[in-house]
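Structural features, examined
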Amino acid sequence: QVQLVESGGGLVQPGRSLRLSCAASGSIFSILTMGWYRQAPGKQRELVAAMSDGGNTNYADSVKGRFTISRDNAKNTVYLQMNSLKPEDTAVYYCKAAVRRWSWSLTADYWGEGTLVTVSS
């Protein structure tokens, strides 16, 4: 089994910063891609940022220049540094990892339970 645990969410004022983290644990051979998605009330879940094991990144247009994704050297933890936060960033943020549990296995997606980020005055 693979478990993803997010942390770092909370209430912040517009213009301030917040850092999210997600740690993967369990039976893991390698993690190809780790990323962050978010879902606001009444809206569809959308990709925020993702990073491959090779260091390639992908960002939503709405967060480019404000958010930065990073991974540690062990490739089992992903971070999301969120700067210049706006009210429209308010959402539940979910961590997703594309995991190979064994060298011969297929890649499967695993999701965290989510952490709430609220941007408000």
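Criteria and cut-off values
- Residue numbering note: each chain is counted from 1, following its sequence as written.
- Side-chain atom pairs in this predicted model are given and counted only at pLDDT of 80 or more, local residue features only at pLDDT of at least 70, and totals for whole chains, interfaces and linings cover all residues.
- With hydrogens and water set aside, each side-chain value is computed from the structure's full complement of heavy atoms.
- Put simply, DSSP H or I for four residues or longer makes a helix, DSSP E for two residues or longer makes a strand, and each gets a number counted from the N terminus.
- What the globule rule says is 2.2 Å times the number of residues to the power 0.38, and the radius of gyration is computed from C-alpha atoms.
- Throughout this description, buried means an accessible area under 20% of the type-specific maximum (1.4 Å probe, protein chains only), exposed means over 50%, and partly exposed covers the range between.
- The term polar contact refers here to a pair of N or O atoms within 3.5 Å; inside protein, the definition further demands a hydrogen-donor-capable atom paired with an acceptor-capable atom, and it admits residues adjacent in sequence only when both atoms are side-chain atoms.

1. Some thoughts on the overall build of the chain
Within the chain, the regular secondary structure consists of zero helices and eleven strands. Traced from its N-terminal end to its C-terminal end, the chain shows the element sequence β-β-β-β-β-β-β-β-β-β-β. Against the 2.2 N^0.38 benchmark of 14 Å for 121 residues, the chain shows a C-alpha radius of gyration of 14 Å, consistent with a compact globule. Taken along its principal axes, the extent of the C-alpha atoms in the chain is 50 × 25 × 20 Å. In the chain, which comprises 121 residues, the share counted as buried stands at 40%.

2. Focus: the side chain of T115
Note on placement: T115 falls in strand 11 (residues 115-119). Within the structure, T115 has its side chain in polar contact with the backbone nitrogen of G9 (distance 3.3 Å).

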